[in-house]
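# Observations on the three-dimensional arrangement
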Amino acid sequence: MTPLRLARYPLVSALAAAMALAVVAGPADARVAVDEAGRVFRLDGAQVTYAFGVDEKGYLQPLYWGGALDPAAPLQARATRELSGFDPAGMQTAQEYAGQGEGLVTDPGLKVAFADGSRDLVLKYRSYRLEGETLAIELADIARPLVVTLRYAIDEQTGIVTRTATVTNRGRQPVRIEAFAAANLTLPGASSYQLHFLSGRHAAEWTPHAVPLSPALTVLESRRGSVGHGNQPWLALTRPGQTTEEAGPVWFGALAWSGSFRLSAQTDNIGRVRVAAGYNSHDFVWSLKPGESLESPRFYAGYSHAGLGGASRTFHRFQMERLIPGGAAAALRPVLYNSWEATAFDVTAEGQMKLAERAAKLGVERFVVDDGWFGQRNDDKAGLGDWTVNPRKFPQGLKPLIDKVHALGMSFGLWFEPEMVNRDSALYRAHPDWVLNFPGRPRTEGRNQLVLNLARTDVRDYLLGVLDKLLRENDIQFIKWDYNRNWTEPGWPEAGPDQQRVYVDYVRNLYFILAELRRRHPGLEIETCSGGGGRIDTGIMALTDQAWTSDNTDPFDRLAIQDGFSLAYAPAIMMAWVTDVPNWANGRTTSLDFRFLSAMQGGLGIGADLNKWTAGDEDTARRWITAYKGIRATVQRGQLYRLVRPTEGAAQTATLYVAPDRAQAVLFAMQRGSQWRDQWEPLRLAGLDPAATYAVRVLGGGALPEGVPARASGAWWQNQGLTLRLRGDYVGLGLVFEAAK
Ligand code: DGJ
């Protein structure tokens, strides 16, 4: 057991004294504490307390999750009796992690079938131990040698609790796992809760939903093998009447998993919230052999009392400091150019060089060649899988282009879609057995392609080898990793009856390749893309530097997409491009200014055909790119306030980014349409230093709007605010507030 070191942790000392603690761990503001009797466990960090305890019957019960409790809080788990003959004690007891047994009717953490056919699993507390700053709790079935280890850590900056579960078979027979979650969560009964989640489809991702939580189970899931564009592995729970954008309680969570997932939520028979989050049990069975373990993905659970905005900012901070590669020291996203919307498959060395020259003159910092550079890739019917440079398009290989891009002062990026294969490819002809398939059944194509079975070690090693070689032979700084369909026939014939492990082994091997490429090529940056935002989650976030948010590049649609994205994920990784008009997705024509102002609210990129740009367009672009470089640290690393959200039909939206040191703030006011010469309601800023004086200027240059003072205190901007009147449709305005030194 870790010895007491209370002197080093003054805050913990108070807690320890009050709780008569046996164990403490963690830096000054992060704490894991266990009471003397070893029955109550609490994690404290950043004004959040998360606690659970063992009752007289040995159940591990959730006790509290919310704003910080005082050290003497009388936390105690009490055994729950049956409510009626219909509601036995095992089901009435809120369990920190429930086995499927004893009549449980809410979603369990773990559901198994033992070799003799028994399916009763009752998990009770066994022991705890500290593994560094992680609290490990062992649960075991009341009779059979099946053990679940729950692991908890709390982040001292954000109060976010990281949870995992590991199930171990200590018996002599295999155990069939039929459902396995990283975490169960329970919140106390209340009159009502609201469930928030994100869903969508290709080119229309990130739509926020808010529905009353009810006894009808709500399932957020992917059955697609990948995350997909459908549901996100993220949810938030709020209290109607108490929670707004900037006030009130929010409990939120996200599963760090880039494959099929399942998050379920409902209220139980006495109104408590019950959540389960883990692998998707649909089409999932895992045979756990004697001595083997299966680990869940991580689940991040956070609490904020500052509304949905506060919850997002807390989670953004956690992502920026703890998840993204490099954490707080990660480089800001460079302004990039991407060839896709300009040249599609018609990629040639000469054509790309021309674009690169034009991009460099605008101030672009990274040049990315998208699809079409390899194999026989002249359209989407052939070539995927053949990762060799097309000799007709690049007669001297990639080197002349890469050298040119570097000479122009930009880094070089290249598109890949490693997990896919066209039937019309050398790879498929050589290895038709490498794709996911059920023998004798159709191999359904999506975009004329099939999915390679990355769960196979030979496929994994082959792809790693091919990518590694390309990166060794070419001076490439960035890869865009695309994935343009989901699974249809998820078969792995060689794995026989164990083939449903494909859902887990595939994703693990994907993570392995990404991690290995990063290890072998320090400095390499990777973008996660799946037909836009089809594979973005906190799992892949730890292995990639940025995300392609959506293929929908219309700047107005994008405001809604970016708003939804920001509920769960940080603008630090959210890429947005300025593209040509009419927009490919909806035919809308908007000004270049509006397109820039929309795309500057994340990581800025350009995806237009620069050959068609006039000298005037280039001047405009140069002006905006220069302006962006002056605010991008605030946009990418700041605190985001969604001042006016782009709800259905909204004419106006406004977002504010405030630098961590509050020295700069950037306001984007975007107007869809004008009517009745309306002026905006006052925009009251947030997050500024009330006592500091902030001078304001128009982003990109120009005169301040009438009635907006050139300087005022933070208190003024936050209490009085500013009233705008924008003229026209699809117009925007950026304002930069700078604290006087
Ligand atoms: C889908 C991506 O989202 C696009 O940006 C582009 O890379 C295409 N695939 C290329 O096939």
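See above for the structure.
Remember, it's a predicted structure, so these values are computed and weren't measured experimentally.

### Digging into the overall build of the chain
When helices and strands are counted, the chain shows 13 helices and 37 strands. For 741 residues, the compact-globule estimate of 2.2 N^0.38 gives 27 Å, and the chain sits close to it at 27 Å. By principal-axis analysis of the C-alpha atoms, the chain measures approximately 75 × 70 × 50 Å. The buried share among the 741 residues of the chain stands at 61%. Of the contacts made within the chain by residues no fewer than 6 positions apart, 66% connect residues no fewer than 24 positions apart. On the chain, roughly 27,400 Å² of surface is accessible, and the fraction owed to carbon and sulfur atoms is 51%.

### Here's the deal with the nonpolar core
Counting 158 residues, the largest nonpolar core has Ile 137, Trp 373 and Phe 596 as its most contacted members. The biggest single contributor to this core is helix 9 (residues 502–520), with 10 residues. Counting 27 residues, the second largest nonpolar core, distinct from the first, contains Ile 160, Phe 252, Leu 323 and Ala 330.

### A short note on the site of the ligand
Inspection of the region around the ligand gives 14 residues, with Asp 370, Asp 371, Lys 480, Asp 482 and Asp 551 positioned closest. Take Gly 532: an N or O atom from its main chain is 3.0 Å from an oxygen atom of the ligand. A distance of 2.4 Å separates an oxygen atom of the ligand from a polar side-chain atom of Asp 551. Of all the cavities here, the one that holds the ligand is the second largest pocket.

### What to know about the sheet that holds strand 31 (residues 603–606)
Reading around the circumference, 22-23-24-27-28-29-30-31 is the order of the eight strands in this closed barrel, with parallel pairing throughout. Direction aside, the axes of adjacent strands within the sheet are offset by 30° on average. With four bridges connecting them, strand 27 (residues 478–481) and strand 28 (residues 525–528) associate as parallel partners. Pairing of Lys 480 across the sheet is with Glu 527, part of strand 28. Strands in contact with helix 6 (residues 399–407) are strand 23 (366–369) and strand 24 (411–416); relative to strand 24, the strand with the most contacts, it is inclined by about 140°.

### Observations regarding the packing of aromatic side chains
Evaluation of the coordinates by the stated rule reveals 37 aromatic pairs. With a centroid separation of 5.4 Å and an interplanar angle of 25°, the aromatic rings of Phe 41 and Phe 52 are classed as stacked. With a gap of 11 residues between them, Phe 41 in strand 3 (residues 40–45) and Phe 52 in strand 4 (residues 48–54) connect regions that are remote in the sequence. Take Phe 41 and Phe 52: they sit in the same class, and that class is buried. Note on Trp 206 and Phe 565: the rings are 4.8 Å apart at their centroids and 70° apart in plane angle, and the pair reads as edge-to-face. Separated by 359 residues along the polypeptide, Trp 206 in strand 13 (residues 204–212) and Phe 565 in helix 10 (residues 555–568) bring together distant segments of the chain. Take Trp 206 and Phe 565: they sit in the same class, and that class is buried. The ring centre of Tyr 193 lies 5.3 Å from the NZ or CZ of Arg 239, which sits over that ring.

### Focus: the packing of helix 5 (residues 349–362) against helix 12 (residues 615–637)
Here helix 5 crosses helix 12 at 55°, and the two axes come no closer than 8 Å. The angle between helix 5 and helix 12 places the two elements in the oblique class. In contact with Arg 358, Lys 361 and Leu 362 of helix 5, helix 12 contributes Glu 618, Ala 621, Arg 622 and Ile 625. Here the residues of the contact of helix 5 with helix 12 sort into three nonpolar, no polar and four charged.

### Here's the deal with the sheet that holds strand 37 (residues 731–739)
Pairing within the open sheet is antiparallel, and its six strands lie in the order 32-33-34-37-35-36. With one partner strand each, in any of the chains shown, strand 32 (639–644) and strand 36 (711–713) form the two edges of the open sheet. Looking at each pair of strands side by side, their axes are set apart by 25° on average, direction ignored. Sheet topology places strand 35 (residues 693–698) next to strand 37; five bridges connect them, and they run antiparallel. Bridged to Tyr 694 within strand 37 is Ala 739. Each of strand 32, strand 33 (652–658) and strand 34 (664–671) is contacted by helix 10, which is oriented at about 130° to strand 32, the strand it contacts most.

### Overview of empty space enclosed by the protein
On inspection of all chains with the given rule, the structure shows nine cavities of 30 Å³ or more. Reported here for the largest cavity is a volume of approximately 130 Å³. At the level of elements, helix 10, strand 32 and strand 33 are the ones that each hand at least two residues to the lining of the largest cavity. Per-element tally for the lining of the largest cavity: the top contributor is helix 10, with four residues.

Basis of the calculations
- Residues numbered from 1 in each chain as written.
- Predicted model: local features only at pLDDT ≥ 70, side-chain atom pairs only at ≥ 80, totals over all residues.
- Heavy atoms only, no water.
- Helix = DSSP H or I, 4+ residues; strand = E, 2+ residues; numbered from the N terminus.
- Rg over C-alpha atoms; globule rule 2.2 N^0.38 Å.
- Buried < 20%, exposed > 50% of the residue type's maximum accessible area, 1.4 Å probe, protein only.
- Contact = heavy atoms within 4.5 Å.
- Areas by Shrake-Rupley, 256 points an atom, 1.4 Å probe, with all protein chains shown as cover.
- Core = buried A, V, L, I, M, F, W, Y, C linked by side-chain atoms within 4.5 Å.
- Near = heavy atom within 4 Å.
- Polar contact = N/O pair within 3.5 Å; in protein donor to acceptor, adjacent residues only side chain to side chain.
- 1 Å grid on protein atoms, 1.4 Å probe; cavity = no way out; pocket = protein on both sides within 12 Å on 5 of 7 lines; lining within 4 Å.
- Sits in = over half its atoms within 2 Å of the grid points.
- Pairing = 2+ DSSP bridges.
- Axes fitted to C-alpha atoms, helices over the stretch in contact; angles between N-to-C directions.
- Phe/Tyr/Trp six-rings, centres within 6.5 Å; stacked < 30°, edge-to-face > 60°.
- Lys NZ or Arg CZ within 6 Å of the ring centre and 35° of its normal.
- Parallel < 35°, antiparallel > 145°, perpendicular 65-115°, else oblique.
- Nonpolar A, V, L, I, M, F, W, Y, C, P; charged D, E, K, R; others polar.
- Points joined across faces, edges and corners; volume = space filled by probe spheres on them.

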